[in-house]
There are 2 protein chains.
Amino acid sequence: MSNPGILYPKLTVIGCGLIGGSVIRAARQHGVVGEVTVADASEAHRARVVELGIAEHVTGDIAEAVKDADLVVIATPVLSIPEIAAQVIPAMKPGATLTDVGSTKANVAEAFRAQDGGKIFAIPGHPIAGTEQSGPDSGFPELFEGRWTILTPLDSDDEHYAAAVARLSAFWRAFGAQVELMDEKHHDLVLAVVSHLPHLIAYTIVGSAADLENVTENEVIKYSASGFRDFTRIAASDPTMWRDIFLANKDAVLEMLGRFTEDLQAMSRAIRWGDADTLHAHFTRTRAIRRGIVAAGQESALPNFGRDRGKS
Amino acid sequence: MSNPGILYPKLTVIGCGLIGGSVIRAARQHGVVGEVTVADASEAHRARVVELGIAEHVTGDIAEAVKDADLVVIATPVLSIPEIAAQVIPAMKPGATLTDVGSTKANVAEAFRAQDGGKIFAIPGHPIAGTEQSGPDSGFPELFEGRWTILTPLDSDDEHYAAAVARLSAFWRAFGAQVELMDEKHHDLVLAVVSHLPHLIAYTIVGSAADLENVTENEVIKYSASGFRDFTRIAASDPTMWRDIFLANKDAVLEMLGRFTEDLQAMSRAIRWGDADTLHAHFTRTRAIRRGIVAAGQESALPNFGRDRGKS
């Protein structure tokens, strides 16, 4: 982890949930910002941020919050970003940098382009990290360690814009993240596969299980260690955040869902017709992906995440 | 955890994989058996069991392995159980107990009934515990702690049979497991929901992701922490075991799959038509199930299983 010193004297974070709160804590711990302002629409959140003492200034007024900022991070649900960007960008000082942490990037890039008159550097971003928790208390400074942050720079040949991207990359790397630059449309397709479709499936199966008339919810809970449990973690994620993601990335999600449904029907057919070889060949192939994830440092190799071995 | 002393002087385990190997290690650690015999069809497994020193006798001859046993545990893939039961039951001594650890129970109950002339006590069983690992090295004695073992006793009014069920229950409880008795058909339905369908879905989505032409496997692996990763653990489970489970529990799996597919299409429709309220309501409801699982002690409440906080 590099220690670049102060990259942005004044940081403003809009929305102090899991990601916003973790950005603040990481930025303070690694000393890459001077002072922190939080803008949050929720009075309860603002009061809690004051109690936690993680920001010098806390306000509900977005224009006021961003006017002196060197870096503004929008950390609100993705569908709210265009409206917030429209308030933020005109109020920012020239030469400052704007980014966000939303899980979809095409809609954010469009919103940033619509507002940006060239006086600030608007760089859509997405740290790929999270837990199923939400709210001001849920953040922690290590959240981004060993994870990826994707930035999707707007088209620009400007060398100052390139320098702003480099500085923002250094900000994320200071937290232990690796940074990748990507086209926003490709980002949305990749995330539809690795994140949005898995969440949609998890939300669906947990709902299906709760609706059964011949198996009780108590039974589902008691015996969940046999596979179901792994789906429930992500199905406990923030409902508003995920509603917004599915609506903002509709096309890519529906395309991936179509492919998944076809493949599921092929598996269903193999089971119905007793096609043992097809099943075995498929199940063997998927092991290799798991090994790749463990080898890439994105997961512990301990069996079952070590959950069953806590006492050994 | 109760400490009942020696329940079975001679234990024979057929198949020394994750579950068989864990049963042996737990039985030795808790002192509920005198000596252990392993029968395994794989020469490599037998050699490894000898090296590990976890059994007094190791053989490839099933009839020889079971003839003096007080308890025989069949721990092989579920489709092999009927054939193995046909070899085991005639070779067992009168009054001994036979059980298994297979993930489906109706097929096992049928096989046990077909062979059991009443001279032994045949009790189908299923410890709901596991990791994605397999082979003789993968077992560990704590695997069953805090987990459930379901026994599905064959219809019997015999008091000696009831005593055999009570003894086998004490055996599992000595390992820290809780024991539940259940009808074998209900077992298969419950497990189709909490285990078989989640595994089928995980196997499918991991395959779908690997087949994309516009997103690379490397990208899927790099960004897997955003949801996909949780599916890959169970999609790395033993291919032969799972092929057998889907074929042995075909009817219940296909029924659950049909319900899930309907629900997934309803979600797909809500996304396509931008039905934000339906999505939000569904995503809110599924959180409650997660809370139930944490409250029932079947999962840690730490965010993200504490995986991202290892260094904090």
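- Within an unreviewed UniProt entry, the label attached to chain A reads prephenate dehydrogenase, and the organism entered is Caulobacter vibrioides OR37.
- According to the UniProt record, the Sequence similarities (unreviewed entry) comment for chain A reads "Belongs to the prephenate/arogenate dehydrogenase family."
- As recorded by UniProt, the Pathway (unreviewed entry) comment attached to chain A reads in full: "Amino-acid biosynthesis; L-tyrosine biosynthesis; (4-hydroxyphenyl)pyruvate from prephenate (NAD(+) route): step 1/1."

**Details of the domain arrangement of chain A**
Residues and elements named next belong to chain A.
- As assigned here, chain A comprises domain 1 (8-182) and domain 2 (186-301).
- For domain 1 versus domain 2, the distance between C-alpha centres works out to 30 Å.
- Of the residues lining the interface, 20 residues belong to domain 1; the matching set on domain 2 comes to 18 residues.
- Overall, the association of domain 1 and domain 2 removes approximately 1,500 Å² of surface from exposure, summing both partners, and the carbon and sulfur fraction of that is 64%.
- Where domain 1 touches domain 2, the interface holds zero salt bridges.
- Where domain 1 meets domain 2, there are five residue pairs in polar contact (both at pLDDT 80 or more).

**Some details on the packing of helix 11 (residues 250-272) of chain A against helix 12 (residues 276-295) of chain A**
All names here are of chain A.
- Where helix 11 meets helix 12, the closest approach of the two axes is 9 Å, and the angle between their N-to-C directions is 135°. In terms of axis orientation, helix 11 runs oblique to helix 12. Between helix 11 and helix 12, the contacting residues are M267, A270 and I271 on the first element and T278, L279, H282 and F283 on the second.
- Across the contact of helix 11 with helix 12, the residue classes break down as five nonpolar, two polar and no charged.

**Re the packing of helix 7 (residues 184-210) of chain A against helix 11 (residues 250-272) of chain B**
- Look at helix 7 of chain A against helix 11 of chain B: their axes get within 9 Å of each other, and the N-to-C directions meet at 130°. Taken together, the axis directions place helix 7 of chain A and helix 11 of chain B in an arrangement best described as oblique. In the packing of helix 7 of chain A onto helix 11 of chain B, the handedness of the crossing is right-handed. Facing helix 7 of chain A, whose interface residues are L200, I201, Y203, T204, I205 and S208 of chain A, helix 11 of chain B presents R259, F260, D263, L264, M267 and I271 of chain B.
- Classifying every residue of the contact of helix 7 of chain A with helix 11 of chain B by side-chain character gives eight nonpolar, two polar and two charged.

**Let's talk about the interface of chain A and chain B**
- Contact residues are listed per partner, giving 109 residues for chain A and 109 residues for chain B.
- Counting the surface lost from both chain A and chain B, the interface buries some 10,500 Å², and carbon and sulfur atoms represent 66% of this.
- By the criterion of area lost to chain B, the three top residues of chain A are Y223, I271 and F283 of chain A, representing 7% of everything that side buries.
- Across the chain A-chain B interface, the total number found is eight salt bridges.
- Between E180 of chain A and K222 of chain B there is a salt bridge, with the nearest N and O atoms lying 3.0 Å from each other.
- Contributing elements (two or more residues each) for the side of chain A that touches chain B: strand 8 (148-151), helix 7, helix 8 (217-222), helix 9 (228-234), helix 10 (239-248), helix 11 and helix 12 of chain A.
- Broken down by element, the side of chain A that touches chain B gets its largest block of residues, 21 residues, from helix 7 of chain A.

**What about the environment of S42 of chain B?**
Residues and elements named next belong to chain B.
- Along the chain, S42 falls in the loop between strand 2 (33-39) and helix 2 (43-52).
- In this structure S42 comes out as partly exposed when scored by relative accessible area, which is 24%.
- On a C-alpha basis, the gap between S42 and G60 in space is 7.7 Å, while along the polypeptide they are 18 residues apart.
- From its side chain, S42 meets the backbone nitrogen of A44 in a polar contact 3.3 Å long.

**A look at the sheet that holds strand 1 (residues 8-14) of chain A**
All names here are of chain A.
- As summarised here, the arrangement of the six strands in space is 3-2-1-4-5-6, forming an open sheet in which the pairing is parallel. Edge positions in the open sheet fall to strand 3 (57-59) and strand 6 (121-123), since each of these has one partner strand only. The mean angle between the axes of side-by-side strands here comes to 20°, regardless of whether they run parallel or antiparallel.
- In this sheet, strand 3 lies alongside strand 2 (residues 33-39) in parallel orientation, the contact comprising three bridges. Looking at strand 3, one finds that V38 is bridged to V58.
- Contacting strand 4 (71-74), strand 5 (97-100) and strand 6, helix 5 (residues 106-115) runs over the sheet at an angle of about 155° to strand 5.

**With respect to the confidence of the model for chain A**
- With 95% of its residues at a pLDDT of 70 or more, chain A has an overall mean of 91.
- Here residues 303-312 of chain A scores under 50 on pLDDT; set against residues more than four positions off or in separate chains, the count is 29 contacts.

**Remarks on the relation of the copies chain A and chain B**
- Mapping chain A onto chain B leaves a residual RMSD of 0.1 Å; the transformation is a rotation of 180° accompanied by 0.0 Å of translation along its axis. Here the copies are linked by what is in effect a two-fold axis. For chain A, the minimum C-alpha distance to the rotation axis belongs to D230 of chain A and amounts to 3.0 Å.
- In this assembly the copies share their binding face: 100% of the residues contributing to the interface of chain A also contribute to that of chain B.

**Here we look at the sheet that holds strand 5 (residues 97-100) of chain B**
Residues and elements named next belong to chain B.
- The six strands lie next to each other as 3-2-1-4-5-6, forming an open sheet whose pairing is parallel. Of all strands in the sheet, those bounded by a partner on one side alone are strand 3 (57-59) and strand 6 (121-123). The sheet shows a mean angle of 20° between the axes of neighbouring strands, direction not considered.
- In this structure, strand 1 (residues 8-14) lies alongside strand 2, joined through six bridges in parallel fashion. What sits directly across from Y8, in strand 2, is V33.

**Thoughts on helix 12 of chain A**
- Over its 20 residues, helix 12 of chain A runs 30 Å from end to end, which matches the ideal 28 Å to within 8%, given 1.5 Å per residue.
- Lining the buried residues of helix 12 of chain A we find helix 11 of chain A together with helix 7 (184-210), helix 8 (217-222), helix 9 (228-234) and helix 10 (239-248) of chain B.
- Looking at the residues trailing helix 12 of chain A, positive phi occurs at G297 of chain A, about 75°.

**A closer look at the packing of aromatic side chains**
- Inspection of every chain in the model, using the stated rule, returns 23 aromatic pairs over all chains.
- Taken together, the ring pairs in this structure connect Y8, F144, F171, W172 and F175 of chain A into an aromatic cluster.
- The ring of W148 of chain B is capped by K222 of chain A, whose NZ or CZ atom sits 4.3 Å from the centre of that ring.

**Describing the pairing of strand 7 (residues 125-128) of chain A**
Residues and elements named next belong to chain A.
- Of the two faces of strand 7, the one carrying G125 and P127 and the one carrying H126 and I128 are both buried.
- Pairing analysis gives four bridges linking strand 7 to strand 8, with the strands arranged antiparallel. Across the sheet, the residue bridging to P127 is T149, located in strand 8.

Thresholds, definitions, all that
Per chain, residues are indexed from 1 in the order of the written sequence. As a convention, the first chain written is A and the first ligand written is 1, with the rest following in written order. Given that the model is predicted, a residue must reach a pLDDT of at least 70 before its local features are reported, and side-chain atom pairs must reach 80 or more before they are shown or counted; all residues, however, enter totals for whole chains, interfaces and linings. The side-chain quantities take in all heavy atoms of the structure and omit both hydrogens and water. UniProt positions are given in the numbering used here, feature names are shortened, and annotations may be inferred rather than shown by experiment. Domain segmentation is taken from an automatic or database assignment of domains. Whether two residues are in contact is decided by their heavy atoms: any pair within 4.5 Å suffices. Summed over both partners, the accessible area (1.4 Å probe) lost when two parts come together is defined as the buried area. Each reported salt bridge corresponds to a side-chain nitrogen of Lys or Arg within 4 Å of a carboxyl oxygen of Asp or Glu. Under the rule applied, a polar contact is a pair of N or O atoms within 3.5 Å (in protein, one hydrogen donor and one hydrogen acceptor; residues adjacent in sequence only if both atoms are side-chain atoms). Think of each axis as a best-fit line through the C-alpha atoms, taken over the contacting stretch in the case of a helix, with angles from 0 to 180 degrees between the N-to-C directions. Numbering goes from the N terminus for both helices and strands, where a helix is a DSSP run of H or I of at least four residues and a strand is a run of E of at least two. The scheme is simple: roughly parallel for angles under 35 degrees, roughly antiparallel for over 145, roughly perpendicular for 65 to 115, oblique for anything else. The classification used treats Ala, Val, Leu, Ile, Met, Phe, Trp, Tyr, Cys and Pro as nonpolar, Asp, Glu, Lys and Arg as charged, and all other residues, Gly among them, as polar. Each helix crossing is assigned a hand: it is left-handed if the near helix lies turned anticlockwise from the far helix by less than a right angle, otherwise right-handed if that turn is clockwise. Partly exposed describes any residue whose relative accessible area lies between the buried limit of under 20% and the exposed limit of over 50%, with all areas from a 1.4 Å probe on protein chains only and scaled to the type maximum. By definition, two strands form a pair when at least two bridges between them are found by DSSP. Values of pLDDT, the confidence the predictor places in each residue, fall between 0 and 100. Only residues with pLDDT of at least 70 in both copies count here: their C-alpha atoms drive the least-squares fit that superposes the copies. In this analysis, the expected span of each helix is defined as 1.5 Å times one less than the number of residues it contains. Stacked, tilted and edge-to-face are the three classes assigned to paired rings of Phe, Tyr and Trp, where Trp is represented by its six-membered ring and a pair needs centres within 6.5 Å; plane angles under 30 degrees give stacked, over 60 edge-to-face, the rest tilted. We call a charge positioned above a ring when the Lys NZ or Arg CZ atom is no farther than 6 Å from the ring centre and deviates by at most 35 degrees from the ring normal.

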